[in-house]
Amino acid sequence: MALSLGPAVLLVLAVVFTATFCTGSNTCVQRDFGHGSVVCECNATYCDSIGSVTLPPPGQFSSYLSSKAGSRLEESQGSVLKSSTGAGLKLTIVRYQKYQKIRGFGGAMTDAAAINILSLSPGTRDQLLRQYFATEGIGYNVVRVPMASCDFSTRLYTYSDTPGDYNLDNFTLAPEDTNMKIPLLQHAQALSPHPLSLLASAWSAPAWLKTNGALIGKGSLKGQPGGKEHKTWAQYYVRFLEEYAKHNLSFWALTTGNEPSAGRMTNYSFQALGFTPEEQRDWVAMDLGPALHASSHPHTHILILDDNRLLLPYWAKVVLNDVHAGRYIHGVAVHWYMDSFVPAELSLGTTHHLYPEYYLFGTEACAGWSPADRGVKLGSWERAEQYAHAIIQDLSHYVVGWTDWNLALDQVGGPNWVKNFVDSPVIVNAKQDVFYKQPTFYSMAHFSKFLWEGSQRVGVSTSQETSLEVSAFIRQDGSVVLIILNRSSSVVQFEVWDPVVGYIPSTAPARSLLTLAWNTH
């Protein structure tokens with residue numbers, strides 16, 4: 001039966017409901033699955049959350065700590081001192097050394113992520129999306145959206161599977177878009193205090209446009225740039241943007257295609273489309289760039305590469321040295337896989353110094369992808385450290401944003417039609433209607449919650465050799481954020497000197513991630 005409540009009662013309920021969500025409670029409901037640290041369990045009615053962060057007045061600082069020992073964004077405050085504590089290690093904020101400005105942080109709304117989020121009850125689902133996107137969440141403002149299927153789908157499909165349909169008359173979004181991804185993206189946008197920056201990436205062109213006649217394996221577009229297949233593939237992107245726009249979802253950027261190197265590998269096991277840098281250059285110059293420019297979405301950014309930094313700076317040189325391609329391009333998208341094979345300075349640093357007008361953006365990363373360390377590990381602190389190390393290294397080499405892979409996966413690390421199971425910051429246990437926030441979730445939070453769009457990286461100097469990894473930023477309101485990773489098993493005492501405010505005494509516990517933040521006026 002319907003329950004009728006008076007306006008006054010409804011108002012009280014609304015206030016209580018809002019207060020429950022907005023104040024946030026930072027007590028993690030810990031679960032230990034034997035992988036070295038803990039996850040935090042959340043359900044429809046409870047989830048630890050940092051809440052909306054307000055820094056103390058000048059003269060004080062805030063500290064947020066996560067650690068292998070079990071701290072999760074644990075907040076404390078302290079006083080800024082007028083004179084040095086005499087700590088052996090001094091980190092100095094070098095304000096006149098100014099670098100890149102932050103665009104944002106986020107994750108991907110794959111088919112698999114959508115399936116897992118929708119497997120939860122409406123209340124738990126809302127709680128999960130809040131953790132990422134709402135004011136009390138961790139400040140995600142970027143969402144990568146696969147265009148049609150990828151390995152994290154339950155079937156192979158594109159939006160135009162009718163052979164010979166060069167005009168794309170039969171182009172249509174899939175049920176995965178209309179029933180899953182789009183409603184969840186709309187929900188996320190409704191929760192977010194800021195417009196979300198959506199980023200589109202395609203894995204494969206329709207099979208009939210490809211040399212191998214299949215979505216998987218080694219294959220590229222038939223014909224040549226400027227030809228009908230290449231023009232149709234460019235229009236496919238435009239049609240995607242138009243269809244999503246009908247649902248009030250507009251895209252900040254698109255990439256030229258996920259991992260073009262994969263489509264050049266014999267027997268590649270899932271969806272891919274091969275491009276050489278020369279082919280990508282000419283396709284952008286002759287087809288994608290002009291098609292987007294002439295469309296109703298001319299301001300959507302084009303990001304090239306969308307592949308591992310191993311390919312830099314060579315790929316960027318081939319594409320960006322061409323004035324016809326370069327004028328349509330805004331940035332270079334990089335994945336984190338195989339980072340260890342090439343130093344950041346040689347790849348990212350060199351690319352930035354050669355082409356400073358094009359930004360670098362991290363578009364994919366996940367733990368549990370390598371054969372030696374596969375799938376989900378609930379509570380792995382090592383994976384949180386891998387994330388923080390990679391993000392600090394990327395930020396130190398001019399990257400302006402960092403996008404995780406699947407927003408949520410199941411306990412196996414799927415679904416994935418080719419069983420390419422990996423880990424995610426959020427793992428869903430649909431049977432119990434709960435989800436687990438992994439240490440990697442908090443690793444992301446130490447950056448995404450505090451480094452607002454427009455925050456500018458500044459220099460940090462150290463008074464002596466240290467195992468600490470650090471990155472400093474000045475936000476648009478003048479406040480300073482310093483992120484410190486201690487991967488060692490020793491406690492490290494240090495002080496921060498900001499010439500504008502004074503000395504900040506601090507300690508980095510063993511195996512910890514620390515965010516310090518303070519106002520300057």
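Participant: Is there a simple way to think about the sheet that holds strand S12 (residues 359–364) in this case?
Facilitator: By definition, the strands of a sheet pair up through backbone hydrogen bonds, in either a parallel or an antiparallel sense. Here eight strands make up a closed barrel; going around it, the order is S6-S7-S8-S9-S10-S11-S12-S13 and the pairing parallel. The sheet shows a mean angle of 30 degrees between the axes of neighbouring strands, taken without regard to direction. In the sheet, strand S7 (residues 142–147) pairs with strand S8 (residues 197–202) via six bridges, with the strands oriented parallel. Across the sheet, the residue bridging to Met-147 is Ala-202, located in S8.

Participant: Which parts of the structure should I look at to understand the packing of helix H10 (residues 381–395) against helix H11 (residues 439–448)?
Facilitator: How two helices pack is summed up by the angle between their axes together with the distance between the axes. Interaxial distance between H10 and H11 falls to 7 Å at its minimum, and their mutual angle equals 25 degrees. As summarised for this structure, H10 and H11 are arranged roughly parallel, according to the angle between their axes. Like other packed secondary-structure pairs, H10 and H11 cross with a definite hand, here right-handed. Contact residues: Trp-381, Arg-383, Ala-384, Tyr-387, Ala-388, Ile-391, Ile-392 and Leu-395 in H10; Pro-439, Thr-440, Ser-443, Met-444 and Phe-447 in H11.

Participant: So what exactly am I meant to see when it comes to a nonpolar patch on the surface here?
Facilitator: A contiguous nonpolar patch, built from Leu-310, Met-338, Phe-341 and Trp-369 and spanning about 390 Å² of accessible area, is present on the exposed surface. Within the secondary structure layout, Leu-310 lies in the loop between strand S10 (301–308) and helix H7 (314–320). Its relative accessible area of 42% is what places Leu-310 among the partly exposed residues.

Participant: Would you mind showing me how to read the packing of aromatic side chains here?
Facilitator: A full pass over the atoms with the stated rule returns 31 aromatic pairs. Measuring from centroid to centroid gives 6.4 Å for Trp-252 and Tyr-359, while their planes differ by 20 degrees, and the two rings are stacked. Here the residue Trp-252 occupies a position in strand S9 (residues 251–255), and Tyr-359 occupies one in strand S12, the gap between them amounting to 107 residues. Here the two residues Trp-252 and Tyr-359 agree in accessibility, since each one is buried. Taken together through their ring pairs, the aromatic side chains of Tyr-159, Phe-171, Trp-233, Tyr-236, Tyr-237, Phe-240, Tyr-244, Phe-251, Phe-275 and Trp-283 make up a single cluster. When the ring centre of Tyr-166 is taken as reference, the NZ or CZ atom of Lys-228 above it lies at 4.4 Å.

Reading the values: rules and limits
- Residues numbered from 1 in each chain as written.
- Predicted model: local features only at pLDDT ≥ 70, side-chain atom pairs only at ≥ 80, totals over all residues.
- Heavy atoms only, no water.
- Pairing = 2+ DSSP bridges.
- Helix = DSSP H or I, 4+ residues; strand = E, 2+ residues; numbered from the N terminus.
- Axes fitted to C-alpha atoms, helices over the stretch in contact; angles between N-to-C directions.
- Parallel < 35°, antiparallel > 145°, perpendicular 65-115°, else oblique.
- Left-handed = near helix turned anticlockwise from the far one by under 90°.
- Contact = heavy atoms within 4.5 Å.
- Patch = residues over 30% accessible without salt bridge, like charges linked within 9 Å, V, L, I, M, F, W, Y side chains within 5 Å.
- Areas by Shrake-Rupley, 256 points an atom, 1.4 Å probe, with all protein chains shown as cover.
- Salt bridge = Lys/Arg side-chain N within 4 Å of Asp/Glu carboxyl O.
- Buried < 20%, exposed > 50% of the residue type's maximum accessible area, 1.4 Å probe, protein only.
- Phe/Tyr/Trp six-rings, centres within 6.5 Å; stacked < 30°, edge-to-face > 60°.
- Lys NZ or Arg CZ within 6 Å of the ring centre and 35° of its normal.

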